[in-house]
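Tertiary structure, described
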Protein chains: 2
Amino acid sequence: MANELIFKYNELKKNSGSHSPSISSIKEKIPELNITVDACFLSNPYATELFLEYFKKEMIDTNEIYSLLEFYPAQNKIIANYVEKQLDIEPGHIFICNGAIEAIQAVIHRYSKGKIMIILPTFSSYYEYATQNTEVVFYNLDKKNNFKLDIDDYISMVKEVQPNTIVLINPNNPDGGYISHYDLKKIINELSWVENIVIDESFIHFAYEDDKLTLKSIISEVIDRDNIIVIKSMSKDFGIAGLRCGYAAMSKKRVSELLDNGYLWNSNGIAEYFFQLYSRKDFFARYEVVRKKYINESKLFFDQLLELNNIKIYPSRANFVLIELLNGLVADEVTAKLLCDYGVYVRNCNDKIGLNGEFIRVAARSNYENGIILKALKNVTKNS
Amino acid sequence: MANELIFKYNELKKNSGSHSPSISSIKEKIPELNITVDACFLSNPYATELFLEYFKKEMIDTNEIYSLLEFYPAQNKIIANYVEKQLDIEPGHIFICNGAIEAIQAVIHRYSKGKIMIILPTFSSYYEYATQNTEVVFYNLDKKNNFKLDIDDYISMVKEVQPNTIVLINPNNPDGGYISHYDLKKIINELSWVENIVIDESFIHFAYEDDKLTLKSIISEVIDRDNIIVIKSMSKDFGIAGLRCGYAAMSKKRVSELLDNGYLWNSNGIAEYFFQLYSRKDFFARYEVVRKKYINESKLFFDQLLELNNIKIYPSRANFVLIELLNGLVADEVTAKLLCDYGVYVRNCNDKIGLNGEFIRVAARSNYENGIILKALKNVTKNS
């Protein structure tokens, strides 16, 4: 049975292009395959629970949801007014988007020209969206240095390459490497001549600099620095990927330029409800509790993974870890076995450029699910 | 009291820019103003009811909605596969969008260059999104001809102007003027050299050519003609503006170009559910019933409006009518009185370019609401 499933999964994978098959395509094409844990999915499950509690009480139980679906939602600028309360920068600096991917597309298409410098490994959309007029220059993180960004080396490389645009994802995807607030300030200070400094903080809610797990965003820098663009998905930290919520913060001039060219009604009714909720003190106070709970559980999970044999866990301050498979273990095989024998789906990193070796990425889930992942991974990797 | 409300409304209007204040800003700023009917809102209320019936049964009562909000929705190409079943053209021709406005933005930005010819009056986004590199040439519909497009005159004007792009909204907004299928085919045949022929069919479900109210879309022309781009909002006909659903049909090459540049995850989870529902025979059969019911009631309503004094009703095959105010009636005053004295909010067309005179636009709503609109309009316009 297991071998048959693995065969079917491998067939499906062959037909899925460069990426691994999605959960929904697996469910559709191999219905007999029982997926217990989706460890590809980078999302705080406790935040989802919290949002759904509010949503059920305020929207479903009251039937308010029907109005959200029937009528036009508020326009971009109105929603920027809601989130101002939480972000503490003027709404003129905020570009509301239909998922962070829309902001990546808008920013890269409009502002990236000449040379763009992208750190590898990375989230592929950044180089995929670089227009034909842009030359993409890669800066490789060093595996030997645990994929940690060497600040001085990076700065000197940028000075040498003289790109118009640089992209920093903090913490980085897929390795979870974190640039401290101090180091990030150093980068933007020393590279203040770079036309566009794109900083993607989609995973910043999972990072921490102190034992109080304080949130430390670079967003306020956009107030005085016209070259900084901060991009933020809200799918991961708030556990609401289906709503398509995100924003980007940048100079007022740039927000105006983007809005003059469209993005008028790009939030749906339920996203509008979420943006209002996000700005409310009662919700955010409870969110902070589940954010910290999730970080603490994730740290514990990553520590437990460190004890397994034949794999190397790279240091992460995101809600996932990059795992290198050692001693002959192969990502294709480990991924297929975890899925077909244990129902645990992890991200096969074979399509990621800039990794040298066999890698998978594993998301932290709930405590219970983390236990299942740990056990499965232990069994699959021990037989090496 | 009424005068005080009118004063407050006029103050709010002054601060709302060129457009009239939105319903939500009125509710927020003048809470004592009781809005009974929103006759600005161009949407089939029976279609909303039908969608909500399915949504309640299949998503809320089953708690399936929670998965729609937590997980990533399907990507653009997958959703194109769903709607193929209903549209009867291959999914490679279909660009799924987050509301038609996203397709308008994408298409105008990417393909409009040189000269774009736009028929006035129109939906303002078409000329607002024309990029700085595009020269906008207007073609004016003649009030004396009831804003009906004179096909031969239009064709000869296009031949004279030699635009790269032409835009036809069918039925047109804000007048509801309809180009018959025969005439539209004549236009695209005679102007086959035009690089981009954009046909916006957002209101086509309300139009009819025969007494069976058969739907007659031009969409199948995109299969063989690379210059045709059909844009379709689903907010109006399906009554689901809050979901942000729409699509555009065009050559496979153009769909690929757009998707290579983004729009990867531009539908939310509930929109994905709607697209699946839209492709189902059981839903669509019931939708056809409420589509025809709404058209028939709208026709009756428009006939009743024809009997009022001091206004002229222009012929419409959309779900709204353009009304010219005669004998000294003023759009600003009529709009404010209808709202403040009768709770009926209509679209003041003072900001629309290409209208010469005092105009309002009135949406058809449910039979009951149409009765309220009719009575209010009769009272407000009789005292002229």
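Note that the structure is a prediction, hence the values are computed from the model and not measured. (Residues numbered from 1 in each chain as written. Chains lettered and ligands numbered in written order. Predicted model: local features only at pLDDT ≥ 70, side-chain atom pairs only at ≥ 80, totals over all residues. Heavy atoms only, no water.)

Take the environment of Tyr287 of chain B next. All names here are of chain B. Considering the arrangement of structural elements, one finds Tyr287 in helix H12 (residues 281-306). A relative accessible area of 1% places Tyr287 in the buried class. Note: C-alpha distance between Tyr287 and Asp237 (50 residues apart in sequence) is 9.5 Å. Not counting the four nearest positions on each side in its chain, Tyr287 is found in contact with Ala47, Leu50, His205, Asp237 and Phe238. (Helix = DSSP H or I, 4+ residues; strand = E, 2+ residues; numbered from the N terminus. Buried < 20%, exposed > 50% of the residue type's maximum accessible area, 1.4 Å probe, protein only. Contact = heavy atoms within 4.5 Å.)

A few words now on the interface of chain A and chain B. Facing 42 residues of chain A, the contacting portion of chain B comprises 42 residues. Across the interface of chain A and chain B, roughly 3,500 Å² is buried in total on both sides, 59% from carbon and sulfur atoms. Applying the counting criterion to the chain A and chain B interface returns one salt bridge. Ionic pairing is found between Arg365 of chain A and Glu70 of chain B, a salt bridge with its closest N-O pair at 4.0 Å. Counting every contact that joins chain A to chain B gives 20 residue pairs in polar contact (both at pLDDT 80 or more). Where the side of chain A that touches chain B is concerned, the elements lending two or more residues are helix H3 (45-60), helix H4 (65-70), helix H6 (100-111) and helix H11 (269-278) of chain A. For the side of chain A that touches chain B, the element with the highest residue contribution is H3 of chain A, accounting for six residues. (Buried area = accessible area lost by both parts, 1.4 Å probe. Salt bridge = Lys/Arg side-chain N within 4 Å of Asp/Glu carboxyl O. Polar contact = N/O pair within 3.5 Å; in protein donor to acceptor, adjacent residues only side chain to side chain.)

Next up on the list: empty space enclosed by the protein. Applying the stated criterion across every chain yields a total of three cavities of 30 Å³ or more. By volume, the largest cavity is sized at about 100 Å³. Lining the largest cavity are Ile119, Leu141, Phe147, Lys148, Leu149, Leu168, Ile169, Asn172, Asp175, Gly177, Tyr178 and Ile179 of chain A. What the second largest cavity holds in volume is close to 90 Å³. Lining the second largest cavity are Ile119, Leu141, Phe147, Leu149, Val167, Leu168, Ile169, Asn172, Asp175, Gly177, Tyr178 and Ile179 of chain B. With three residues, strand E5 (residues 165-169) of chain B is the largest single contributor of residues to the lining of the second largest cavity. A class-by-class count of the residues in the lining of the second largest cavity yields nine nonpolar, two polar and one charged. (1 Å grid on protein atoms, 1.4 Å probe; cavity = no way out; pocket = protein on both sides within 12 Å on 5 of 7 lines; lining within 4 Å. Points joined across faces, edges and corners; volume = space filled by probe spheres on them. Nonpolar A, V, L, I, M, F, W, Y, C, P; charged D, E, K, R; others polar.)

With that settled, consider the packing of helix H13 (residues 331-342) of chain B against helix H14 (residues 367-382) of chain B. Residue and element names in this part refer to chain B. It is the contact of H13 with H14, at a shortest axis distance of 10 Å, that shows an interaxial angle of 125 degrees. Accordingly, the angle class assigned to the pair H13 and H14 is oblique. Considering how the two elements wind past one another, H13 and H14 form a crossing that is right-handed. Each of Val334, Lys337, Leu338 and Tyr342 in H13 lies in contact with H14, whose residues at this interface are Ala376, Leu377, Asn379 and Val380. Residues of the contact of H13 with H14, tallied by class, amount to six nonpolar, one polar and one charged. (Axes fitted to C-alpha atoms, helices over the stretch in contact; angles between N-to-C directions. Parallel < 35°, antiparallel > 145°, perpendicular 65-115°, else oblique. Left-handed = near helix turned anticlockwise from the far one by under 90°.)

This part covers the nonpolar core. Counting residues in each nonpolar core, the largest one holds 208 residues, and the members touching the most others are Phe51, Tyr154 and Leu168 of chain A together with Phe51, Tyr154 and Leu168 of chain B. When near neighbours in sequence (up to four residues on either side) are disregarded, Tyr154 of chain A contacts Met117, Ile119, Tyr139, Leu149, Ile166, Val167, Leu168, Ile187 and Leu191 of chain A. Counting 29 residues, the second-largest nonpolar core is a separate cluster that includes Ile101, Ile229 and Ala248 of chain A together with Trp265 of chain B. (Core = buried A, V, L, I, M, F, W, Y, C linked by side-chain atoms within 4.5 Å.)

This brings us to the sheet that holds strand E13 (residues 359-363) of chain A. All names here are of chain A. With antiparallel pairing, the four strands of this open sheet are ordered in space as E9-E10-E13-E12. Both outer strands of the open sheet, strand E9 (311-313) and strand E12 (347-348), are each paired with one neighbouring strand and no more. Here E9 runs beside strand E10 (residues 320-325); their pairing, made up of three bridges, is antiparallel. For Ile313, the partnering residue across the bridge sits in E10 and is Ile323. Sitting on the sheet, helix H13 (residues 331-342) is in contact with E10, E12 and E13, with an inclination near 35 degrees to E13. (Pairing = 2+ DSSP bridges.)

Before going further, it helps to examine the confidence of the model for chain A. On average, residues of chain A score 95 in pLDDT, and 99% of them reach the 70 mark or higher. Across the whole predicted complex the pTM is 0.95, and at the interface the ipTM reaches 0.94. (pLDDT = per-residue confidence, 0-100.)

Moving on, we get to unusual backbone geometry. Following Asn170 of chain A, the chain continues to Pro171 of chain A via a peptide bond in cis, the omega torsion being -5 degrees. Considering the arrangement of structural elements, one finds Pro171 of chain A in the loop between strand E5 (165-169) and helix H9 (181-190). Residues Leu120 of chain B and Pro121 of chain B are joined by a peptide bond in cis, for which omega reads -5 degrees. Looking at the element boundaries, Pro121 of chain B is found in the loop between strand E3 (114-120) and helix H7 (125-128). Even without glycine at this site, Asn146 of chain A takes up a positive phi of about 60 degrees. Within the element layout of this structure, Asn146 of chain A appears in the loop between strand E4 (134-140) and helix H8 (151-161). Asn146 of chain A gets classed as partly exposed once you look at its relative accessible area, which sits at 28%. The phi angle at Tyr263 of chain A is positive, at roughly 60 degrees, despite the residue not being glycine. Topologically, Tyr263 of chain A is positioned in the loop between helix H10 (252-260) and H11. Residue classification places Tyr263 of chain A among the buried residues on the basis of a relative accessible area of 15%.

Quick look at the sheet that holds strand E4 (residues 134-140) of chain B now. All names here are of chain B. In spatial order, the strands read E2-E8-E7-E6-E5-E3-E4; together these seven strands make up an open sheet with mixed pairing. Of all strands in the sheet, those bounded by a partner on one side alone are strand E2 (94-97) and E4. Between one strand axis and the next, the sheet turns by 20 degrees as a mean value, whatever way the strands run. Strand direction decides the pairing type here: E3 and E5, joined by three bridges, are parallel. Bridging from a neighbouring strand, Met117 pairs with Ile166 of E5.

Quick look at the pairing of E13 of chain A now. Across a regular strand the side chains alternate sides, sitting on one face of the sheet and then on the other. Residue and element names in this part refer to chain A. Counting buried residues in E13 gives five out of five residues, a clear majority hidden from the surface. Along E13, one buried face is formed by Phe359, Arg361 and Ala363 and the opposite face, lined by Ile360 and Val362, is buried too. Note: E10 against E13, five bridges, orientation antiparallel. Bridging across to E13, Ile323 finds its partner in Ile360. Note: E12 against E13, two bridges, orientation antiparallel. Considered in E13, the bridge of Asn348 is made with Ile360.

This part takes up the state of the cysteines. Each disulfide consists of a covalent bond between the sulfur atoms of two cysteine residues. Residues and elements named next belong to chain A. Evaluated as defined, the whole model comprises zero disulfides over all chains. Looking at the unpaired Cys245, the closest cysteine sulfur is the one in Cys97, lying at 8.9 Å. A relative accessible area of 0% means that Cys245 is categorised as buried. With no disulfide of its own, Cys340 lies 13 Å from the sulfur of Cys40, the closest cysteine sulfur. Given the relative accessible area of 10%, Cys340 is considered buried. (Disulfide = S-S within 2.5 Å.)

Glancing now at the relation of the copies chain A and chain B. Overlay of chain A on chain B (RMSD 0.0 Å): rotation 180 degrees, translation along the axis 0.0 Å. Interpreted geometrically, this transformation is the action of a two-fold axis. An overlap of 100% is found between the interface residues of chain A and their copies at the interface of chain B, pointing to a shared contact surface. (Least-squares fit on C-alpha atoms with pLDDT ≥ 70 in both.)

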